[in-house]
Amino acid sequence: MDGFGGTTLRINLSTEEIERTPTDPEFARSWLGARGFVSKILYDEVPRDADPLGVDNLFIVTTGVLTGSFCPVGSKVGFGCISPATNGHADSSMGGHLGPELRYAGYDLIVMEGIAAGPTYLYIDDDTIELRPAGDYWGMGSLELEKRMKKDLGDDFQIATIGPSGENGIVFSCITHDFGRQAGRCGVGAVMGSKKLKAIAVRGTKSLPVHDLDSMYKLTYDIIQRTKTHPNMAPWQKYGTAFFVGWSNERGCFPTKNFQETYHKDWEKIDGERLVEDCLVSDKACFGCWMNCGKYTRARIPGKPDTYQEGPEYETIALVGGSCAFTDINHVAYANHLLDDIGMDTMSGGSTVAFAMECYQRGIITKDDLEGHELRWGNIDDFEHFVRMIAARRGIGDIFARGTKGAAEALGRGTIDFASQAKGMEFSGYDTRWYPAQLLSYCTCDIGAHHSKSWTITTDIELGRDTIEGKAEVVIYLQHIRPLFDTWSCCRLFWGELDVTPEEHVDSIKHLTGWDVTLEECMRVSERVWNLNRAHFIERNGGPGRKFDVAPARHLDEPIPGGPAEGKVVGRENFEAMLDDYYANRGWDEDGNPTREILDDLGIGYAADNLEKLGFLGKPIPGGIPKVRGRELKPKAM
Amino acid sequence: MRIEVKKESCTGCRLCEQICTICHYKEINPKKAAIAIEPHFPEPGIFEPKICVQCGICAKECPIDAIHLEGEAYVLHADECTNCGICVEACPFGVLYTHADVPTPLKCDLCLKCTEVCNTGALIVVD
Amino acid sequence: MVIYLRSGGKLRDRLKPDVDIYTRKVEVEGTPTLEEILEEIGIPDGLVAFAFADGKVRRLNYRPVEGDVVTLQPPVSGG
Ligand code: SF4
Ligand code: SF4
């Protein structure tokens, strides 16, 4: 099949059975890849009462249609499972080289079930597939292990690992690859650990079959030449995402002290310029990418060993740097290394520590809970000690290993009000109190509060930050187009930053596969995935759907105390009104349940049958569902 | 004319590897490239592009003279090559590559395509 | 004095380039800051993350000089 590795693998870790089947062309076309594959397989196969860290959950490693091809830029690989943080669909992607390598070994998709008898790693060398013992590797840090495995297997293997955090089921554990690229969110590393799978090593030496290589070559070659002179290219190459720290502070949306504030007065000490001037070792790119946003750095702190890491990127600077109130970029970079090696998502990890720091500030946890240590804002030693308590689930660390929502539920005392999370996943690095569409984006997101599916800070600016008018439709549009990149498995930045159009990405798919596919078709797939994930979430957690689309009290009620966004807050009425608007525009009823009409329209009527049995099928909408769901904000929405 | 490598600028994107196999074999398969990127991670944290410097040593060693000087490039002629592997051994820079599916060593012919896509200044054409 | 503003992405449509697909020539009076210039030509607050001129990063209080080519960088769209 043109454009695909050709083989789907099914691995039962309990019985060590490995089954190879040709990748089903119809399945591939209907779901396009990574996020789409994950959505459908989880919906069809995981029992609704499966424990996310138990034997019945699946662990999926998947490429998307564009992975490993010559396009802007097919570097991604996706991971999927039921998330231990949200108990819903999880898809988390990362760049680097693993996805392309899988394709070159001939595989599109690996679905793993069961639990291995002991620590194991998956070894793939073209046609050789083995489940190998990983007893020697168990307990090692992610980065340390990658180094070791490169030594053991060779530099031409691409390796993904988990750290002790994933082994111990910390719900925000990540998967690490290429010394600093992470599938960070949704707790995919914890599920990998629950399967006793410590690592995946892949080498592929085959060619990717391409339908029309000449056209694919010409299209991408021209895009390369065109974007090389794009005005934004040079700044991106120099700073990557880290430069936006200043911007975000000036707009009053930089999480500071666990979102108590939104302006960090010392931001200049932890921004991209400081990172590049003080810490940069080299620029680093994912496979096939000519924009190299990765910054490989060295952190130097007197009295501690130097650490090497990729990043921190913006999100890490925001949620570790700002939210834990650091004032030295070396400390943020060191913390980044610590979390990477231990195997925690720097976003949810940073946020969880920040949340604990606020608990400490308020006296809800004390030195007695912290083995005699403190947990002060901006203190790297306190930070490190607490992260190690969580990773090992020592004492109170066991509570925080559940993330901010789980911890707040255990702690009580109103702590849930300042846990900045939705559905159990921590917010990305943007405060929402002056950015209502961003709050709506987080709270309606199918994987929990992640900006990758909808990011609207500039949309809020353009439509007016003090209004909710017209926001829901734009959020819906973004929730379709942005996850499309996680489905195609290519980088979103060429679209957002360098004017590569979605249509050009679709042309890449056409040349690669020979499909007569259109952007419209892809957008429908994306909408289908969104709705299927919604149905799945309700089926797993009970309805009505609206019950889960809740915002933390801080973001609804607590005005920002100072800085550029002083006094701003979204307010409950506004939030509920946005939700009403959102559901209506999605073709869901006012309880947030999808209607039969929308599910039928998207070709997933079976989900309507299932919801109906549970009593959570949306009531028919008088006058029918909107013909078009979502609205693109012109000029080009980001 | 030759390709000068500035390794401190390389980002490890391997676009050069990709374009090399597209242009020479009409395939997407970085493992068939005549250039390879050697990562040095986690420390010191740099990439090293490894590509032929056109020194001609392999041409001298080839027992059947299948590597010819054409303009400024030593070009390996696949139709003459017997894949004896002597050149691969002889190359002092270790930049004659092999791939199980290709019946000859993989040698840079100075087509310069990699320098056209490299966006970091790591591969520069010099006279 | 004449300066050149360059941008792509979301900002390009706002900038209305006239020199090439990315660049607009702007005549300014006196030595205003970048922020003042942007306000003058109708680019809303918040859509420019920072600027880049002469290989250096400039904040919005930068005062361009005659002939400056200033790149306007829109904020990250979220990776
Ligand atoms: S294209 Fe340039 S930057 Fe990319 S790997 Fe090759 S030499 Fe390095
Ligand atoms: S392949 Fe090696 S020996 Fe032959 S010309 Fe190139 S550098 Fe010299």
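Enquirer: Sorry if this is basic, but what is going on with the pattern of salt bridges here?
Expert: Where side chains of opposite charge bring their charged atoms close, a pairing between them can arise. Residues and elements named next belong to chain A. The full count for this structure, using the stated rule, is 68 salt bridges over all chains. Of the charged contacts, one joins K471 and D460 as a salt bridge, the two residues approaching to 2.7 Å between their closest N and O atoms. Of this pair, K471 sits in helix α19 (residues 471-488) while D460 sits in helix α18 (residues 457-463), and the two are 11 residues apart along the sequence. No difference in accessibility class separates K471 from D460, as the two residues are buried. Put simply, D609 and R596 hold a salt bridge, and the shortest N to O gap is 3.0 Å. Linking D609 in helix α26 (residues 605-614) with R596 in helix α25 (residues 596-601), this pair joins segments that are 13 residues apart in sequence.

Enquirer: In this structure, what is going on with the site of ligand 2? I would like to understand it.
Expert: Surveying the vicinity of ligand 2 reveals the residues C52, V53, Q54, C55, G56, C58, C91, P92, F93, V95, L96 and K107 of chain B. Grouping the constituent residues of the shell around ligand 2 by class yields nine nonpolar, two polar and one charged.

Enquirer: What should I look at first to understand the interface of chain A and chain C in this one?
Expert: For interface size, the figure often reported is the accessible area lost on association. If you look at the interface, chain A gives 37 residues, while chain C gives 29 residues. Of the roughly 3,000 Å² buried at the junction of chain A and chain C (both faces included), carbon and sulfur atoms supply 57%. Sorting the residues of chain A by area buried against chain C places P231, F243 and F244 of chain A first, and these three jointly supply 18% of that buried surface. Salt-bridge contacts for E250 of chain A lead to R59 of chain C; the nearest nitrogen and oxygen are separated by 3.6 Å. Across the chain A-chain C interface, the total number found is one residue pair in polar contact (both at pLDDT 80 or more). Grouping the amino acids of the side of chain A that touches chain C by side-chain chemistry returns 16 nonpolar, nine polar and 12 charged.

Enquirer: Help me understand the sheet that holds strand β1 (residues 7-12) of chain A, please; the structure alone is not making it clear to me.
Expert: Strands pair in a sheet through their backbones, by hydrogen bonds, and they do so in one of two ways: parallel or antiparallel. Residue and element names in this part refer to chain A. Here six strands make up an open sheet; going across it, the order is β2-β1-β6-β3-β4-β5 and the pairing mixed. Each edge of the open sheet is held by one strand with a lone partner, namely β2 (17-22) and β5 (89-94). Across the sheet, the axes of successive neighbouring strands diverge by a mean angle of 15°, strand direction being ignored. Where β1 and strand β6 (residues 107-113) come together, six bridges link them in parallel fashion. Bridge pairing in β6 places T8 opposite L109. This element, helix α3 (residues 98-105), spans β3 (59-62), β4 (77-82), β5 and β6 of the sheet and lies at about 100° to β6.

Enquirer: Is there a simple way to explain the sheet that holds strand β14 (residues 294-299) of chain A in this structure?
Expert: Residues and elements named next belong to chain A. Strand order in the open sheet made by the three strands is β13-β14-β15, with antiparallel pairing throughout. The open sheet has two free edges, formed respectively by β13 (280-284) and β15 (307-310), since each of these has just one partner strand. The mean inter-strand angle of the sheet, taken between neighbouring strand axes irrespective of direction, is 15°. Inspection of the sheet shows β13 paired to β14 by four bridges, in the antiparallel sense. Bridge pairing in β14 places D283 opposite K295. The strands touched by helix α12 (residues 329-342) within the sheet are β14 and β15, with β15 carrying the most contacts at an inclination of about 80°.

Enquirer: What is the right way to look at the packing of aromatic side chains in this model?
Expert: Describing an aromatic ring pair means giving the distance of the ring centres and the angle of the ring planes. Applying the stated rule across the entire model yields 33 aromatic pairs over all chains. Between Y239 of chain A and F243 of chain A, the ring centres sit 4.7 Å apart and the planes meet at 50°, which makes this aromatic pair tilted. Residue Y239 of chain A shares its accessibility class with F243 of chain A, and that shared class is buried. Taken together, the ring pairs in this structure connect F179, Y296 and Y308 of chain A together with F41 and F47 of chain B into an aromatic cluster. One cation-aromatic arrangement involves R465 of chain A over W434 of chain A; the distance from NZ or CZ to the ring centre is 3.8 Å. Above the ring of Y221 of chain A, the side-chain terminus of K113 of chain B is found at 5.1 Å from the ring centroid.

Enquirer: I keep staring at the pairing of strand β8 (residues 128-133) of chain A and nothing clicks. Help me out?
Expert: On a regular strand, each side chain points to the face opposite its neighbour's, so the side chains alternate between the two faces of the sheet. Residue and element names in this part refer to chain A. Two elements, strand β7 (residues 120-125) and β8, share six bridges in a ladder whose sense is antiparallel. Note that in β8 the partner of Y123 across the bridge is E130. Turn length for the β7-β8 hairpin, with the two strands adjacent in sequence and antiparallel, is two residues, and the turn residue D126 shows positive phi of about 50°.

Enquirer: When you look at the nonpolar core in this model, what are you seeing that I'm missing?
Expert: As a rule of thumb, soluble globular proteins bury nonpolar side chains together. F79, F383, F400 and W488 of chain A together with L5 of chain C are the most contacted members of the largest nonpolar core, which totals 274 residues. Setting aside chain neighbours within four positions, we find W488 of chain A in contact with L32, G64, V65, L66, T67, P502, H505, V506, I509, L519 and C522 of chain A. One finds Y121, Y123, A134 and M149 of chain A within the second-largest nonpolar core, a separate group that totals 12 residues.

Calculation criteria
- Numbering of residues begins from 1 in every chain and follows the order in which that chain's sequence is written.
- Chain letters and ligand numbers both follow the written order, the letters beginning at A and the numbers at 1.
- This being a predicted model, a pLDDT of at least 70 is required before a residue's local features are given, and a value of 80 or more before pairs of side-chain atoms are given or counted; all residues contribute to the totals for chains, interfaces and linings.
- In computing side-chain values, all of the structure's heavy atoms are included and hydrogens and water are not.
- Whenever Lys or Arg places a side-chain nitrogen within 4 Å of a carboxyl oxygen from Asp or Glu, that contact is recorded as a salt bridge.
- Secondary structure follows DSSP: runs of H or I at least 4 residues long count as helices, runs of E at least 2 residues long count as strands, and numbering of each begins at the N terminus.
- To sort residues, take the accessible area from a 1.4 Å probe on protein chains only and compare it with the maximum for the residue type: under 20% means buried, over 50% means exposed, and anything in between is partly exposed.
- The rule for a residue being near a molecule or strand is that one of its heavy atoms must lie within 4 Å of it.
- Amino acid classes used here: Ala, Val, Leu, Ile, Met, Phe, Trp, Tyr, Cys and Pro are nonpolar; Asp, Glu, Lys and Arg are charged; the rest, including Gly, are polar.
- It only takes one pair of heavy atoms within 4.5 Å for two residues to be counted as in contact.
- Summed over both partners, the accessible surface that disappears when two parts come together, traced with a 1.4 Å probe, is what is meant by buried area.
- Pairs of N or O atoms are called polar contacts if they sit within 3.5 Å, as long as, within protein, a hydrogen donor faces a hydrogen acceptor (for residues adjacent in sequence, only side-chain-to-side-chain pairs).
- Note: two strands are recorded as paired if DSSP finds a minimum of 2 bridges between them.
- All axes are obtained by fitting lines to C-alpha atoms, using only the stretch in contact for helices, and the reported angles, taken between N-to-C directions, cover 0 to 180 degrees.
- Aromatic rings from Phe, Tyr and Trp, taking only the six-membered ring of Trp, are treated as a pair when their centres fall within 6.5 Å; an angle between ring planes under 30 degrees marks them as stacked, one over 60 as edge-to-face, and anything in between as tilted.
- Whether a charge sits over a ring depends on NZ of Lys or CZ of Arg being within 6 Å of the ring centre and within 35 degrees of the ring normal.
- For this analysis, a nonpolar core means a set of buried residues of the types Ala, Val, Leu, Ile, Met, Phe, Trp, Tyr and Cys, connected via side-chain atoms within 4.5 Å.

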